[in-house]
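For reference, the chains in residue letters:
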Amino acid sequence: MYDFENMDPRLIAYVNIFICANRLQAIMDSGLKDITAKQWLAIMMIDAFPEPPTLKQLSEISGVTHQSMRQIVDRLIAKGFLEVVSDKNDKRAIRLIKTEAANSIKTKGSEQNQNFVFKLFDCLTEEETTTYCMSLAKLCSRLTELKEER
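Analysis parameters
Residues numbered from 1 in each chain as written. Predicted model: local features only at pLDDT ≥ 70, side-chain atom pairs only at ≥ 80, totals over all residues. Heavy atoms only, no water. Phe/Tyr/Trp six-rings, centres within 6.5 Å; stacked < 30°, edge-to-face > 60°. Helix = DSSP H or I, 4+ residues; strand = E, 2+ residues; numbered from the N terminus. Buried < 20%, exposed > 50% of the residue type's maximum accessible area, 1.4 Å probe, protein only. Core = buried A, V, L, I, M, F, W, Y, C linked by side-chain atoms within 4.5 Å. Contact = heavy atoms within 4.5 Å. Patch = residues over 30% accessible without salt bridge, like charges linked within 9 Å, V, L, I, M, F, W, Y side chains within 5 Å. Areas by Shrake-Rupley, 256 points an atom, 1.4 Å probe, with all protein chains shown as cover. Salt bridge = Lys/Arg side-chain N within 4 Å of Asp/Glu carboxyl O.

Enquirer: Which parts of the structure should I look at to understand the packing of aromatic side chains?
Expert: Given two aromatic rings, their pairing is described by the distance between the two centres and the angle made by the two planes. Within the structure shown, the criterion is met by two aromatic pairs. Between Tyr 14 and Phe 18, the ring centres sit 5.3 Å apart and the planes meet at 75 degrees, which makes this aromatic pair edge-to-face. Separated by four residues within a single helix, Tyr 14 and Phe 18 lie in helix α1 (residues 9–31), roughly one turn from each other. Of the residues examined, Tyr 14 reaches a relative accessible area of 52% and is grouped as exposed. Centre to centre, the rings of Phe 121 and Tyr 132 are 6.0 Å apart; their planes meet at 55 degrees, and the pair counts as tilted. Within this pair, whereas Phe 121 is found in helix α6 (residues 110–121), its partner Tyr 132 is found in helix α7 (residues 126–149), the two being separated by 11 residues in sequence. Using a relative accessible area of 29% as the deciding quantity, one classes Phe 121 as partly exposed.

Enquirer: Got a minute to help me understand the nonpolar core in this structure?
Expert: In summary, soluble globular proteins display a tendency toward joint burial of nonpolar side chains. Among the nonpolar cores identified, the biggest contains 18 residues, and Ile 43, Leu 58, Met 69, Val 73, Leu 76 and Phe 81 are the most heavily contacted of them. Counting only elements with at least two residues in this core, the list comes to α2 (37–45), α3 (55–62), α4 (66–78) and α5 (100–107). Apart from the residues within four sequence positions on either side, Leu 76 is in contact with Ile 35, Gln 39, Ala 42, Ile 43, Phe 81 and Leu 82.

Enquirer: I would appreciate a short explanation of the side chain of Thr 54 in the present structure.
Expert: Within the secondary structure, Thr 54 sits in the loop between α2 and α3. If we ignore the near neighbours within four places in the chain, the residues touching Thr 54 are Ala 93, Ile 94, Arg 95 and Leu 96.

Enquirer: Which parts of the structure should I look at to understand a nonpolar patch on the surface?
Expert: Among the surface-exposed residues, Tyr 14, Val 15, Ile 17, Phe 18, Ile 19, Leu 124, Tyr 132, Leu 136 and Leu 139 lie close enough to one another that they form a single nonpolar patch of about 780 Å² accessible area. Considering each element in turn, the nonpolar patch owes the most residues, five residues, to α1.

Take a look at the structure:
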């Protein structure tokens, strides 16, 4: 067994990142209809771009490998949540566009989803939430640096 009392807190934090991610994905998967949490994330991340993103852009912002994102996107296309269009400037590139079905996912149960997020974070004070967000942003930036070092 692990001796959490004597373990380096960085290792505990690292393990907890995975535990939280797995629990969140399991809860989201059980609450979504027709799609998985990872598919939902891909659909939501499209809104982060001023124009429809390429597969490469979507995989980079989501933190997923190109191959994994390709599988996610292919399933979303098959389910009718995404469409593919050619890039106007680069005919080799494809852009991903959400369909009406994908837009309805966003609105369907959105109040319930928002309440879930608020309930998840209500164990933290406002200051703790702010600190958590800033710390997580730093870790994400550091991961980008570490990825580039490889």
